[in-house]
Amino acid sequence: MKYMLIMRGTDAAYAELDKIDIDTMFETMGTFNEELIRAGVLVAMEGLEDPAETVVVDYSSETPVVSDGPYGETKELFGGYFILDVTSKEEAVEWAKRMPVLGKGFKTEIRRVPTIDEFPQDNEYVQRERAWREATGQL
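Keep in mind that this is a model prediction, so the values were computed, not measured. Residue positions are given per chain, counting from 1 as you read along its sequence in written order. Restriction of local features to residues with pLDDT of at least 70 applies here, the model being predicted, together with a cutoff of 80 or more for giving and counting side-chain atom pairs; totals for whole chains, interfaces and linings are based on all residues. Hydrogens and waters are ignored; side-chain quantities use all the structure's heavy atoms.

Focus: a negative patch on the surface
Taken together, the side chains of Asp 18, Glu 49, Asp 50 and Glu 53 present a region of like negative charge at the surface. Per the convention used, a helix needs a DSSP run of H or I reaching at least four residues, while a strand needs a run of E reaching at least two, with both numbered from the N terminus. Topologically, Glu 53 is positioned in the loop between strand S2 (42–47) and strand S3 (55–58). Surface patches are drawn from residues lacking salt bridges whose relative accessible area is over 30%; two like charges belong together within 9 Å, two nonpolar side chains (Val, Leu, Ile, Met, Phe, Trp, Tyr) within 5 Å. What sets the accessible areas is the Shrake-Rupley method with a 1.4 Å probe; for residues, cover comes only from the shown protein chains. Whenever Lys or Arg places a side-chain nitrogen within 4 Å of a carboxyl oxygen from Asp or Glu, that contact is recorded as a salt bridge. Only four residue types enter the charge count, namely Lys and Arg as positive and Asp and Glu as negative; His and the chain termini do not. Charge positions come from single atoms, namely NZ of Lys, CZ of Arg, CG of Asp or CD of Glu.

What follows is the structure in structure tokens.
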């Protein structure tokens, strides 16, 4: 089963990260990433650009409205993610608990990523997606 670990933090928590030596941060996260790789559970991981570089498409009106970042009111920013292929939600939680989070104000949201097999297989769009995934080596 695949689970996405979504890294979230408050504005203040991300501001505190700026005070940490970048080499220390790379070493700390790099060690954790190597553990995931050695365990054979890492599928993907990415960090995200500074929220000030964000573009938001808001669908609240008939015509979508595009605005530049930073976000308006923020409580928690989505800063990056890991996708793990593990045997259970409990295993995903255990990996999240081991993550070297660097201070107060950070959280990890864990959500299962459904497989294409869980959708109606007689649907033409599911069939097209399956064909695309097979053609690109994803299945």
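Back to the text.
Here's the deal with the packing of aromatic side chains
Working definition: rings of Phe, Tyr and Trp (its six-membered ring) pair if their centres are within 6.5 Å, and the pair is stacked with planes under 30 degrees apart, edge-to-face with planes over 60 apart, and tilted otherwise. Taken as a whole and assessed by the stated rule, the structure comprises three aromatic pairs. Arranged with centres 5.1 Å apart and planes meeting at 80°, the rings of Tyr 14 and Phe 106 form a pair that is edge-to-face. Here Tyr 14 is found in helix H1 (residues 11–17), whereas its partner Phe 106 is found in strand S6 (residues 106–113), with 92 residues between them in sequence. Burial status follows relative accessibility: with a 1.4 Å probe on protein chains alone, a residue under 20% of its type maximum counts as buried, one over 50% as exposed, and anything between as partly exposed. What makes Tyr 14 partly exposed here is its relative accessible area of 22%. Ring geometry for Phe 32 and Trp 95: centres 6.2 Å apart, planes at 70°, overall edge-to-face. Placement of the pair is Phe 32 in helix H2 (residues 22–39) and Trp 95 in helix H3 (residues 89–98), with a sequence separation of 63 residues. Across the pair, exposure class does not vary: Phe 32 and Trp 95 are buried alike.

A few points about the pairing of S3
The pairing of S3 with strand S4 (residues 65–68) spans four bridges and is classified as antiparallel. Looking at the pairing, Val 55 lines up with Asp 68 of S4. Pairing between strands is defined by DSSP: at least two bridges between the two strands are required. Between S3 and the antiparallel strand that follows it, S4, lie six residues.

Section: the nonpolar core
Nonpolar cores are built from buried Ala, Val, Leu, Ile, Met, Phe, Trp, Tyr and Cys residues. Side-chain atoms within 4.5 Å join them into one set. Counting residues in hydrophobic clusters, the biggest one holds 13 residues, and the most contacted among them are Leu 5, Leu 36, Phe 82, Leu 84, Val 86 and Trp 95. Those elements giving two or more residues to this core turn out to be strand S1 (2–9), H2, strand S5 (77–85) and H3.

Concerning the pattern of salt bridges
Summed over all chains, the structure comprises nine salt bridges. Across the pair Glu 94 and Lys 97 runs a salt bridge whose closest N-O atoms are separated by 3.2 Å. Taken as a pair, Glu 94 and Lys 97 lie in helix H3 at a separation of three residues, close to a single helical turn. Classification of Glu 94 as partly exposed rests on a relative accessible area of 41%. What makes Lys 97 exposed here is its relative accessible area of 59%. Between Glu 118 and Arg 112 there is a salt bridge, and its shortest N-O distance comes to 2.9 Å. A relative accessible area of 38% means that Arg 112 is categorised as partly exposed.

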